[in-house]
Amino acid sequence: MAYDKIYEIQAGQSYPLGANYDDKGVNFALFSACAERVELCLFDPSGKSEIARLELPEYTDEVWHGYVPDLKPGALYGYRVYGPYDPENGHRFNPHKLLIDPYARALTGELIWNPAHFGYELGHDELDLSFDTRDSAPYTPKCRVVDPRVFDGQDPHRPAVPWSSTILYETHVKGFTQLNPAIPPELRGTFEGMGHKATVDYIKSLGITSVELLPVHAFPDDQHLLDRGLKNFWGYNTLNFFAPASRYGGPNGIKGFRDMVRAFHDAGIEVILDVVYNHTAEGNELGPTLSFKGIDNFSYYRTIAGQHRYYVNDTGTGNTVNTSHPRVLQMVMDSLRYWAESMHIDGFRFDLGTILGREPEGFDQRGGFFDAMMQDPLLSRLKLIGEPWDIGPGGYQVGGFPPGWGEWNDKYRDTVREYWRGDNVSSDFAARLLGSGDLYDQRGRRPWASINFITAHDGFTLNDLVSFNEKHNEANGEDNNDGHNDNRSSNYGVEGPTDDEQINALREQQKT
């Protein structure tokens with residue numbers, strides 16, 4: 001392949017990981033313990049034409065690295081990683097697949113699903129997979145080098161709301177802003193729209209102290225949803241743990257995200273992110289090769305002992321991130337510190353949090369992830385909230401997280417819902433109302449360790465809770481098979497919307 005311009009590449013440094021600009025050029029560093037060779041691919045501003053392919057010249061401590069002088073912020077890139085294609089032993093290298101840098105701070109372009117994304121030829125028997133040689137670059141988002149100056153300046157107004165005074169408001173960037181007439185049309189559905197004065201003032205008027213945003217890490221729209229004319233609204237299928245989802249990007253890009261956080265902080269409101277470090281968008285052994293799978297599958301994912309072709313699926317999504325590996329744990333910690341230090345985030349809610357605390361032998365309060373979090377001088381001081389359950393062995397851990405953590409308390413949710421709809425008061429209602437001391441009064445944990453909630457993004461909304469006896473998820477094409485069946489709700493006489501004034505008045509009374 002001929003290129004119009006010849007780029008020089010030097011040895012560079014193995015740290016920090018990712019693409020880092022230093023006013024004279026860009027240093028690239030990529031962890032892969034099992035790769036044999038790594039190529040850096042540079043693209044033109046459109047992301048459509050590859051303009052250079054440079055082999056990273058050095059390999060230090062399992063990190064491939066190189067330095068490209070005179071390369072500027074805004075440059076688009078991706079990787080091709082060479083190594084064995086040996087699924088039986090957990091290796092899925094395929095240099096025909098352009099790979100997203102796990103440390104990319106920004107992505108350009110959307111993922112366009114194509115058979116070229118798969119490391120094997122689709123249609124073959126799973127146990128007889130054939131190596132696929134189609135180039136996935138035309139269909140893959142490109143990583144973009146970010147100017148570090150966008151992160152200049154500290155936030156002088158971090159609220160630091162005490163746990164005992166915290167009132168959380170879970171919401172969605174696009175869902176909250178897209179149809180809000182008080183927000184300028186060009187800002188609706190964006191981070192800037194979320195940080196608009198109309199948004200902030202309204203949330204402040206509710207008495208909220210801490211906004212919790214549903215996932216904002218980059219994520220794709222799954223093919224099976226697109227086939228039905230649908231999109232991934234919630235975002236629980238992460239493609240990259242550093243890059244904000246471009247679908248929420250406004251006129252000011254990353255700066256717009258920081259401006260949103262600053263607007264909430266100026267109003268005394270914290271910003272907390274719902275984060276999904278337990279799995280990625282690459283799915284199971286039949287899933288696409290987009291990033292981690294092609295960089296070092298055996299390190300990034302938990303595989304079944306003796307059957308490394310297959311993934312441990314404690315998440316129910318096809319794969320499980322291997323936080324027992326020190327470099328993978330480092331990536332999670334680096335991501336969290338990035339959002340806390342550079343983006344000024346005040347805390348995190350960890351989706352399927354028990355998975356992060358699960359070592360090969362099971363859930364462990366003293367596992368590597370928990371130890372790393374609690375010794376970190378920055379992260380340990382933030383609000384850390386675990387969703388204390390998953391579908392893996394020993395996956396229900398309400399009350400089982402270590403000191404310093406808050407936990408979603410489903411026992412509170414279910415007990416209060418029963419009381420709310422008029423059931424006989426259960427014997428533990430008082431315990432739930434008074435902080436669930438039976439779960440949290442140990443090792444100096446305080447009542448705030450129980451995150452008391454009635455409704456969230458899982459299951460019924462508050463309006464659903466007083467309008468339906470049964471779930472009705474027909475519209476999303478899942479034949480009403482998705483979602484929880486035991487919502488402990490009541491329709492108060494009519495299933496769904498009604499013109500009955502007495503029922504509507506009762507429903508409003510229950511909601512307030």
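Residues numbered from 1 in each chain as written. Predicted model: local features only at pLDDT ≥ 70, side-chain atom pairs only at ≥ 80, totals over all residues. Heavy atoms only, no water.

An unreviewed UniProt entry lists the chain under the name Glycogen debranching enzyme, with Leclercia adecarboxylata as the source organism.

## Considerations on the sheet that holds strand β12 (residues 168-171)
The 7 strands are arranged β12-β13-β14-β17-β20-β21-β22 in an open sheet whose pairing can be described as parallel. The open sheet has two edge strands, β12 and β22 (450-451), and neither has a second partner. (Pairing = 2+ DSSP bridges. Helix = DSSP H or I, 4+ residues; strand = E, 2+ residues; numbered from the N terminus.)

## Topic: the environment of P156
Its location among the elements puts P156 in the loop between β11 (142-144) and β12. When the C-alpha atoms of P156 and R80 are compared, they prove to be 42 Å apart, with 76 residues separating the residues in sequence.

## Some points on the pattern of salt bridges
Enumeration according to the criterion identifies 34 salt bridges in this entry. Here R358 and D390 are joined by a salt bridge, their closest N and O atoms 3.0 Å apart. With R358 in strand β18 (residues 358-359) and D390 in the loop between β20 (383-386) and β21 (406-408), the pair connects residues that are 32 residues apart, well separated along the chain. Take D390: its relative accessible area is 12%, and that puts it in the buried class. Between D423 and R421 there is a salt bridge, with its nearest N and O atoms 2.9 Å apart. Three or more residues are tied together by salt bridges with common partners; here these are R37, E39, E50, R53, E55, R80 and D135. (Salt bridge = Lys/Arg side-chain N within 4 Å of Asp/Glu carboxyl O. Buried < 20%, exposed > 50% of the residue type's maximum accessible area, 1.4 Å probe, protein only.)

## As for the layout of surface pockets
In this structure, the second largest pocket spans a volume of roughly 440 Å³. If you go around the second largest pocket, you meet 21 residues; those closest to its centre are P16, L17, N20, R105 and Y338. Elements represented by at least two residues in the lining of the second largest pocket include exactly β1 (18-21) and α7 (326-342). Of all the elements, α7 adds the most residues to the lining of the second largest pocket, at 5 residues. Taken together, the residues of the lining of the second largest pocket sort by class into 14 nonpolar, 2 polar and 5 charged. Each of two domains, domain 1 (18-149) and domain 2 (158-457), supplies a minimum of three residues to the lining of the second largest pocket. (1 Å grid on protein atoms, 1.4 Å probe; cavity = no way out; pocket = protein on both sides within 12 Å on 5 of 7 lines; lining within 4 Å. Points joined across faces, edges and corners; volume = space filled by probe spheres on them. Nonpolar A, V, L, I, M, F, W, Y, C, P; charged D, E, K, R; others polar. Domains from an automatic or database assignment.)

## Here's the deal with the state of the cysteines
Here the structure, examined in full by the defined rule, presents 0 disulfides. Unpaired in terms of disulfides, C143 finds its nearest cysteine sulfur in C41, a separation of 11 Å. (Disulfide = S-S within 2.5 Å.)

## A few points about the domain arrangement of the chain
We note that the domain assignment places domain 1 (18-149), domain 2 (158-457) and domain 3 (459-511) within the chain. Taking the mean C-alpha position of each, domain 2 and domain 3 sit 26 Å from one another. Taken together, the contact between domain 2 and domain 3 spans 11 residues of the former and 15 residues of the latter. Taking both sides of the interface into account, the surface hidden between domain 2 and domain 3 amounts to around 1100 Å²; carbon and sulfur atoms contribute 44%. Counting the surface domain 2 buries against domain 3, the share from its top three residues, R417, W420 and R421, is 50%. Applying the counting rule to domain 2 against domain 3 returns 3 salt bridges. (Contact = heavy atoms within 4.5 Å. Buried area = accessible area lost by both parts, 1.4 Å probe.)

## Focus on the nonpolar core
Judged by nonpolar contacts, the single largest core of 98 residues is most densely connected at F28, F348 and F350. Residue contributions to this core reach at least three from each of two domains, namely domain 1 (18-149) and domain 2 (158-457). (Core = buried A, V, L, I, M, F, W, Y, C linked by side-chain atoms within 4.5 Å.)

## Regarding empty space enclosed by the protein
To find the voids left in a structure, one rolls a probe of water-molecule size over its atoms. Considering all chains together, one arrives at 4 cavities of 30 Å³ or more under this definition. In this structure, the largest cavity occupies an estimated 110 Å³ of space. In terms of lining, the largest cavity is formed by 13 residues, of which the most central are G109, E110, A218, F219 and S246. When residues of the lining of the largest cavity are assigned to domains, at least three fall in each of domain 1 (18-149) and domain 2 (158-457).

## Regarding the packing of α7 against helix α9 (residues 368-375)
With their axes 11 Å apart at the nearest point, α7 and α9 run at an angle of 35° to one another. α7 and α9 meet at a crossing whose hand is right-handed. Each of L329, V332, M333 and L336 in α7 lies in contact with α9, whose residues at this interface are G368, F369, A372 and M373. (Axes fitted to C-alpha atoms, helices over the stretch in contact; angles between N-to-C directions. Left-handed = near helix turned anticlockwise from the far one by under 90°.)

## A closer look at the packing of aromatic side chains
The geometry of an aromatic ring pair is captured by two quantities: the separation of the ring centres and the angle between the planes. Going through the model one piece at a time under the given rule, you end up with 37 aromatic pairs. Note on Y77 and Y79: the rings are 5.8 Å apart at their centroids and 75° apart in plane angle, and the pair reads as edge-to-face. For the pair formed by Y77 and Y79, the shared burial category is buried. Ring geometry for Y338 against W339: centres 5.5 Å apart, planes inclined by 75°, an arrangement best described as edge-to-face. Here Y338 and W339 have matching classes, each one buried. Here the guanidinium or amino end of R105 rests over the ring plane of Y338, the centre of that ring lying 4.9 Å away. (Phe/Tyr/Trp six-rings, centres within 6.5 Å; stacked < 30°, edge-to-face > 60°. Lys NZ or Arg CZ within 6 Å of the ring centre and 35° of its normal.)

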